[in-house]
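Residue-level listing of the chains:
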Amino acid sequence: MAVQIKGIMPGSVAEMYNIKSGDILTHINGEEINDMLDLQFYQANRNLKISLTDENGEQKVINVVGKDEYTPLGFEFDTYLIDKHHYCKNKCMFCFIDQLPKGMRPSLYFKDDDERLSFLFGNYITLTNLTQKEYDRIKKVRISPINISVHTTNPELRVEMMKNPHAAEIMDKMRGFAEADIKMNCQIVLCKGVNDGKELERTIKDLQGLYPHVQSVSIVPIGITRYREGLVKAEIFDKEGFREVIELVENATKDFYEKHGTRLVYLSDEFYLNAKMPIPEEDYYEGFPQIENGVGMVRTFIDNFLADMDYHETINEAVAVDLATGESFYPVLCHMVDMAMEKYGDKLKIYVHKIKNNFFGGNVTVTGLLTGIDFSEQLAGNLKTDRLCLCKDVLSSNADVFLDDMTVPELEERLNTKIEFFTNDGYDLLSGIMKEV
């Protein structure tokens, strides 16, 4: 495959060597360039032999000598990956995208299963949609770590859960990565009565057997919306069910921890919140390797909130603000707010509102999946102040828009108030409320 260069960055190595926009890039040091992963890997060398075809069809070779290691060449392409995203062909019983209502923006329905995005952005992939060539490339160019959606190591059960015959190959592929010294982070979406219980014990044991190449495993509960028409029946855990999973994982990792000094397997915050059990202390998370998967976010929020309280002995001016959050985090936020108001007295007034996720259904309780319509309907007429603070997680990553496409200005107009956004961090929230940032 050859890729066309659409632009040259000013001052770049490519400009210095007179490579032109419109040139076709075919090889670097004899290696075929198919996408951004190839380009990033093969352009890292100091000395490069770049094979190109110009717009007239003439082939040329550019020898780059003494380039700073890892300095990019400065090519621009139509898309960041150069290639198209790899689409997921699975029909997983727990897929959240399959549970979205019709009529939302098209980008929300795209299911990626792309090893390039796993390496570049931390996305999780199933390995079921990889060609043999792509699998071999991961080992050749040493894409590490790679993030893998495992769910179960039972081959027959994994095929049943994902509706893809290649799902059965999971352990063989992961052993191949381990032999190539590829590090792996894994996740398990836990479905009640399917891959829990004895099946979860088996999966944990199998992944422990790949340590240290498997360097972390997160377990998250299935998210179930009210839009499951035509999908396989799925159940949610109740409080006792969450507690049973916590106990199982603690027992399954106890001996491993004593032997290796790591738990390896971590439960997401939702298990503790829904079990009405205390969030583990910081040392449980061993550096928070899976925090982007919701493992330890609550602990870091609590600790950072308390640290900021210790830093601020007093408040410079009186503060009054409304906060709104999802059902699962509501008790935690209320507890932290009560502590702050007790410390700062009448100078601090914080009103916390619990928002039920009517858009996706009552089984979805996390803050990051709340929509503009739910904020609008449940906060209208109930705000106590002229300031409303929300977590940035409720917004699209690249625009000031909620999941239901309501914009921030539109919600502000509906509520007749200005909205401030803060990161999912206790320090950022408390300092922002007190206007110290």
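The following paragraphs examine the structure supplied in this document. (Residues numbered from 1 in each chain as written. Predicted model: local features only at pLDDT ≥ 70, side-chain atom pairs only at ≥ 80, totals over all residues. Heavy atoms only, no water.)

Below, the discussion takes up the nonpolar core. If you look at the biggest cluster of nonpolar residues, it comprises 96 residues, and the most contacted ones within it are Leu 25, Ile 50, Phe 75, Met 174, Ile 219 and Leu 323. In terms of residues, this core owes the most to one element, helix α11 (residues 330-344), which gives seven residues. When neighbours within four sequence positions are excluded, Ile 219 is seen to be in contact with Ile 188, Leu 190, Leu 200, Ile 204, Val 249, Val 265, Tyr 266, Leu 267, Ser 268 and Phe 271. Counting residues in hydrophobic clusters, the runner-up holds 16 residues, among them Phe 375, Leu 390, Val 394 and Ile 419. (Core = buried A, V, L, I, M, F, W, Y, C linked by side-chain atoms within 4.5 Å. Buried < 20%, exposed > 50% of the residue type's maximum accessible area, 1.4 Å probe, protein only. Helix = DSSP H or I, 4+ residues; strand = E, 2+ residues; numbered from the N terminus. Contact = heavy atoms within 4.5 Å.)

If you trace the backbone, Asp 425 turns up in the loop between β15 (418-422) and α14 (426-433). The buried charged residue Asp 425 lacks any salt bridge, with Lys 392 as its nearest oppositely charged partner at 11 Å. Polar contacts involving the side chain of Asp 425 include one to the main-chain amide nitrogen of Asp 428, which spans 2.8 Å. With residues up to four places along the chain from it excluded, the contact list for Asp 425 reads Phe 301 and Asn 304. (Lys, Arg positive; Asp, Glu negative; His and termini not counted. Salt bridge = Lys/Arg side-chain N within 4 Å of Asp/Glu carboxyl O. Polar contact = N/O pair within 3.5 Å; in protein donor to acceptor, adjacent residues only side chain to side chain.)

A word on helix α12 (residues 372-379). Along α12, the positions that sit buried rather than exposed are Gly 372, Asp 374, Phe 375, Ser 376 and Leu 379. Tucked inside the fold, the buried residues of α12 contact β12 (319-326), β13 (348-355), β14 (387-391) and α13 (408-415). Positive phi appears at Gly 381, one or two residues downstream of α12, with a value of about 80 degrees.

Direction vectors running N to C along helix α4 (residues 132-141) and helix α6 (residues 170-179) enclose 25 degrees, while the axes themselves pass 10 Å from each other. For the element pair α4 / α6, the angle class is roughly parallel. Crossing hand, α4 versus α6: right-handed. Touching Tyr 135, Ile 138 and Lys 139 of α4 are Asp 172, Lys 173, Gly 176 and Phe 177, all from α6. (Axes fitted to C-alpha atoms, helices over the stretch in contact; angles between N-to-C directions. Parallel < 35°, antiparallel > 145°, perpendicular 65-115°, else oblique. Left-handed = near helix turned anticlockwise from the far one by under 90°.)

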